[in-house]
Each structure stands twice: as C-alpha cells, then as structure tokens.
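Architecture and fold: a report
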Amino acid sequence: MDFDLFVIGGGSAGVRCARIAAGHGAKVGVAEERFWGGTCVNIGCVPKKLLVQAGEYGAWAEDAAGFGWTIRKGPHDWAKLIAAKDREIARLEGIYRKLLAGAGAQVFDARATFIDAHTLDVGGQRITAERIVIATGGHPERPAIPGADLGIVSDDAFYLERMPQHVTIVGSGYIAVEFAGIFRALGAETHLVYRQPLPLRGFDHDLREALAEALQAQGVILHPNTRPTAVAADGERRILSFGEGETITTDLVFFATGRRPATERLGLEQAGIRTGAAGAVLVDDHLRTTQPHVYAIGDVTNRVNLTPVATAEGHALADSLFGKTPRSISLVNVPSAVFSTPPIATVGLTEEQAAACGPADVYVARFTPMRHTLTGRARKTLMKLVVDQATQKVVGAHMLGEDAPEIIQGIAIAVVMGATKADFDRTIGIHPTAAEEFVTMRTRTRVVEAARAAE
Ligand code: NDP
C-alpha cells in the first residue's frame, strides 16, 4: 500500500485527523480539491465572525454618544472589508497547509475518488491505502422552487462585489439568522422569510421568542409562517414570490435553507460504502463506514455539523488508529452558538426536551445589559437554566445576549461535569457582569412537566 492512511478532504476534520496520525508516525496522504481549512476557515465560521464583528463596530460607533463621545459614523466600505477578510483567510489557509506538511503528511491539491475499497484516483494518480477517511464536508442546498438559481447561498455571500441595499434571506437556521444580523448591521433593509412561527427550530422556545424580538429590535423585517414559491429576475433585481401571490422585490435573495453532505461523485458505491438520508455516509460508534477500514468524520456524516465536533472526531480517530489511546467522543451536551445580533449560545437540553424526561425546574432572567442603560439601544439579554427536578442537575443552559458564546463555553464545563443547581448557587459571582446571573438565579420561574411542554 502507498499509505497507512489517506484522508479525502482538507477541512477541519480531515486536517486534524491527518496531522495527528502523521504525528503518531503513520504514513499519511491527504487530498483537497478546493481550499485547505475547508468550509469553516474559508466560507464559514471564520469569515462569518469577521463580518459579524464589522457590523458590531457600526453599533459601537452609534452607542458611544451615550458615554459622551462624539463619533461621526461615515459610510461602510464593503470592498475594503472583503479585501481585509480575504487577506486573513489566505493567511489561515496557508497555515493549514503548512501544518500538514510540517507534520509529515503528503499533500495533494486534487480531487480524490474511490476506484475500489483500497484504491483512489487522486487527480489522475492511482493511490492505494490501508485505511481511508472520508472528510468531504457538505455544501449549501437551494430549495426546489422555480428560479432558485437566481438566489445566492452562503458560499457566495463572502464574495459579493457590492453590499446589497435590500436583502431577502430564506430560512431561519444558523446561517439565515447570522446573515440577517450582518446585512442589517451593515445598513441593508433585511427581510427574513421562514416557514416556522419562530426562527431557529429546535432551539429552546424562550430563546426563539427572544431572538424574534431581538431581530425586530435590530430592524430586520420578519415574515414567519411563509413559504417561498419562486424567484424571478427583473434586470439586476430579484422578485421572490411567497404565500398567496405576495412578492418582495429585492437586490439579493439568499437561500440559507440547509446543507447537504458532499458525497456525490466520490465513487462510494465502487467501494461498498453506504449512504443514508440526504446522502450522508453511515457510520457506527467508531466512525467506521459499512467498509470497516474506511471511516467518515465531520459534516459528511450529517450528525452534529459543527467544526469543533469535526476536529474532535478527526483527533479521536487518529489517536484510536495510530496512537496508544483508542477513544471516542461524546455527542451529548455539545455546546453551540449562533452569531446572531446579539448572539445566542446554548448547552444541553431545551426546556421542552427536559420536560419530556421528567419534571424540570426552570429559571429565567431577562434584563437590559448595563451598557445599554446609557446607550439607550433596545437590546435585551435572556438567560435560562433548566434543572432536572429529581437529581437537581443543571441539564440545560441557554443565553441570548452580548458575549453569550464566551459565557456559555465555561458553563458547558459545569453541565458536562454534571453540576447541580446547588453547585451553581454556591459559586460566587463576578460583579458587575451579565455572567453572574447564572449563579444568582434563586427564584424558580416555573416547573414544567411533559404534558405542559407538549402544549
Ligand atoms: P439549518 O438546517 O440550521 O436551517 C435550515 C433552514 O432552512 C431552516 O430554517 C429550514 O426551515 C429552512 N428550509 C429548509 N428547506 C427549506 C425550503 N425548501 N423552503 C424554505 N425553507 C427551508 O441550516 P443552515 O443552512 O442554517 O446551517 C447548516 C448547518 O451548519 C447548521 O445546522 C449547523 O450545524 C451548521 N452551522 C453552524 C454555525 C454555528 O455553529 N454558529 C453557523 C452556520 C452553520 P425549517 O426549520 O422549517 O425546517
């Protein structure tokens, strides 16, 4: 065999797996056809957060007046922002590639496809490997409606030549909500069109309500319970149709309607590797596909599609195959954040999920952050703990508000460790912060049981 391990895909999962396996002494090859670092580094988490931060500066410039500053807010230069972002992403992409080479992995800038279960075509070269890892990630999907190609997806949003003045975003998942905040903060009239009554299906109900309020406070125009039916062109402009003959004419239709595992044209059938719903590669608890020497990690398995999960899977797999510490990772209590404006972060069970397991004590706090008592900005914070009544363990922590992702990361350690409400209560707060609210919630807001949660 040419390699002990060959990794298909140089994103978060693949790079980590290849790098750690090479560090353990394995002979490793890794192929990437597009960009090193994958979606997260190039057209996902990293540039997205830079764009969110660009929007925050605009708000800070306005808010400074409340603290006595006179700051004249000039126009925003989109091209300058995108150029700065591109420079940083190019630097990071270079680092990812260097990390691999530095670890001793052989790097192929090429597409890899299966010829059989041990043989790959890598940019026209025939390569054999003892073990193979599929880490090809996913890509955005448009809905099946007429004219869908006239809209953009998140891949395109990072390379727009001009900042649109009027944007219509379809969907209300992570990407839709994050970009609604970005475009609005940079000055566009922003519409969010989604088919649920509240955004972010699957998140805690209180958070979803607070998010809808926050989006409106920011000036995003919400169209709940709305299903788009078609897109048409009117010169440079776009017309999105929905409902009973209603339309929005807009500069940009942005479909943030979910992502799909990238498993097409990989030759999986030649290798006897089975896929399931949406084309996701099926894996067992050890990340093995239906071909035991072939593994799959990250978004291509379509389980918990988050970068830190992908890197943790890649690392655990490399350690298990070539290190002395076989291990797997837990997908229970995975914290995550939505970089809406302001952001959301969450760990553990929603109120509804907890109640389905038994009675739960719920603690909710809503307040105006200290800063905004002077700025006057209509921005609220929501913090919430969900506690299993029988064990008194904190099974869920949720927050919408400034710094939520920074705060929930620490709370997540306590939740993963099984901390009880009493453990939270005996922790002294840091004053004055928003975070201290998590250790000073003394009065239970309500008790929730399965029957009530179902209502
Ligand atoms: P999500 O799956 O989170 O949301 C998809 C949205 O599109 C939902 O609101 C869904 O509505 C809607 N939708 C799907 N199909 C249609 C349709 N045919 N017509 C109208 N609406 C439709 O996908 P995203 O694209 O936002 O993100 C993909 C994944 O990427 C996330 O689930 C997450 O795992 C990851 N991600 C994580 C981020 C983070 O950690 N901050 C940031 C960005 C992405 P409905 O609810 O009705 O199904």
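These lines cover the structure that appears in this document, whether it is placed above or below. Note that the structure is predicted; figures quoted are calculated from it, not measured.

1. Focus on the pairing of strand E20 (residues 381-388)
E20 sits mainly inside the fold: seven of its eight residues count as buried. As defined by bridge partners, strand E19 (residues 360-367) adjoins E20 across eight bridges and the pair is classed as antiparallel. Its bridge partner lying in E20, Phe-367 is registered against Thr-381. As paired elements, E20 and strand E21 (residues 394-400) share six bridges and run antiparallel to each other. Note on E21: the bridge partner recorded for Val-387 is Val-394. What sits between E20 and E21 in their antiparallel hairpin is a turn of five residues, with Gln-392 showing a positive phi close to 65 degrees.

2. Let's talk about the packing of aromatic side chains
Applying the stated rule across the entire model yields nine aromatic pairs. Between the aromatic rings of Phe-3 and Phe-6, the centroid separation amounts to 5.6 Å while the plane-to-plane angle is 70 degrees, which identifies the pairing as edge-to-face. Note on Phe-6 and Phe-108: the rings are 5.6 Å apart at their centroids and 50 degrees apart in plane angle, and the pair reads as tilted. Placement of the pair is Phe-6 in strand E1 (residues 3-8) and Phe-108 in strand E3 (residues 106-108), with a sequence separation of 102 residues. The same class applies to Phe-6 as to Phe-108, namely buried. Taken together, Trp-78, Phe-158, Phe-179, Phe-183 and Phe-254 form an aromatic cluster joined through their ring pairs. If you follow Lys-85 out to its NZ or CZ, it ends over the ring of Tyr-159, 4.4 Å from the centre. The ring of Tyr-363 has Lys-421 sitting right over it, with the charged end atom 4.3 Å from the ring centre.

3. Re the sheet that holds strand E14 (residues 252-255)
What the four strands build is an open sheet, ordered E10-E9-E8-E14; its pairing is parallel. Taken across any chain shown, the strands that pair with only one partner, and hence form the sheet edges, are strand E10 (221-223) and E14. Pairs of neighbouring strands in the sheet enclose a mean axial angle of 20 degrees, with direction left out of account. Note that strand E8 (residues 166-170) and strand E9 (residues 189-193) share five bridges and pair parallel. Residue pairing across strands places Thr-168 opposite His-191, the latter belonging to E9.

4. Side note on a nonpolar patch on the surface
Together, Phe-67, Trp-69, Ile-71 and Leu-374 line one region of the surface with nonpolar side chains, adding up to about 460 Å² of accessible area. Judged by relative accessible area, which is 49%, Leu-374 ranks as partly exposed.

5. Quick notes on the site of the ligand
The environment of the ligand is formed by 18 residues, the closest being Ser-172, Arg-195, Gln-196, Arg-201 and Ala-337. Residue Ile-175 places a main-chain N or O atom 2.9 Å away from an oxygen atom belonging to the ligand. Here Asn-305 contributes a backbone N or O atom positioned 2.8 Å from an oxygen atom of the ligand. In isolation the ligand exposes 910 Å². Once the protein is present, 78% of that is buried. Element by element, the count of residues in the shell around the ligand is highest for helix H6 (residues 174-185), at three residues. Partitioned by chemical class, the residues of the shell around the ligand number six nonpolar, seven polar and five charged.

6. Some details on unusual backbone geometry
In this structure, the amide linkage connecting Thr-341 to the following residue, Pro-342, adopts the cis form with an omega of 0 degrees. Assignment of secondary structure puts Pro-342 in the loop between strand E17 (336-338) and strand E18 (344-348). Residue Pro-432 follows His-431 across a cis peptide bond; omega there is -5 degrees. Examined against the element boundaries, Pro-432 turns out to sit in the loop between helix H12 (421-425) and strand E22 (446-448). The phi dihedral of Asn-333 falls on the positive side, at around 55 degrees, and the residue is not glycine. Along the chain, the position of Asn-333 falls in the loop between helix H8 (307-322) and E17. The class for Asn-333 is partly exposed, based on a relative accessible area of 24%. Even without being a glycine, Asp-403 presents a positive backbone phi close to 70 degrees.

7. A closer look at the nonpolar core
Ranked by size, the top nonpolar core spans 72 residues in total, and within it Trp-78, Ile-169, Phe-179, Phe-183, Leu-192 and Phe-438 carry the most contacts. Setting aside chain neighbours within four positions, we find Leu-192 in contact with Ile-169, Gly-171, Ala-176, Ala-180, Leu-215, Val-220, Ile-221, Leu-222 and His-223. In terms of nonpolar packing, the next biggest core, distinct from the first, is built from 24 residues, Ala-13, Leu-100, Ala-135 and Tyr-295 among them.

8. Here we look at the sheet that holds E17
Taken together, the six strands give an open sheet; going across it, the order is E17-E18-E21-E20-E19-E22, and neighbouring strands pair in antiparallel fashion. Each edge of the open sheet carries a strand with a single partner, namely E17 and E22. When the angles between neighbouring strand axes are averaged without regard to direction, this sheet yields 20 degrees. Lying over the sheet, helix H7 (residues 205-218) contacts E18, E19, E20, E21 and E22, oriented at roughly 5 degrees with respect to E21. Along the sheet, helix H11 (residues 404-417) makes contact with E17, E18 and E21, crossing E18 at roughly 5 degrees.

What counts and how
Residues numbered from 1 in each chain as written. Predicted model: local features only at pLDDT ≥ 70, side-chain atom pairs only at ≥ 80, totals over all residues. Heavy atoms only, no water. Buried < 20%, exposed > 50% of the residue type's maximum accessible area, 1.4 Å probe, protein only. Helix = DSSP H or I, 4+ residues; strand = E, 2+ residues; numbered from the N terminus. Pairing = 2+ DSSP bridges. Phe/Tyr/Trp six-rings, centres within 6.5 Å; stacked < 30°, edge-to-face > 60°. Lys NZ or Arg CZ within 6 Å of the ring centre and 35° of its normal. Axes fitted to C-alpha atoms, helices over the stretch in contact; angles between N-to-C directions. Patch = residues over 30% accessible without salt bridge, like charges linked within 9 Å, V, L, I, M, F, W, Y side chains within 5 Å. Areas by Shrake-Rupley, 256 points an atom, 1.4 Å probe, with all protein chains shown as cover. Salt bridge = Lys/Arg side-chain N within 4 Å of Asp/Glu carboxyl O. Near = heavy atom within 4 Å. Polar contact = N/O pair within 3.5 Å; in protein donor to acceptor, adjacent residues only side chain to side chain. Nonpolar A, V, L, I, M, F, W, Y, C, P; charged D, E, K, R; others polar. Core = buried A, V, L, I, M, F, W, Y, C linked by side-chain atoms within 4.5 Å. Contact = heavy atoms within 4.5 Å.

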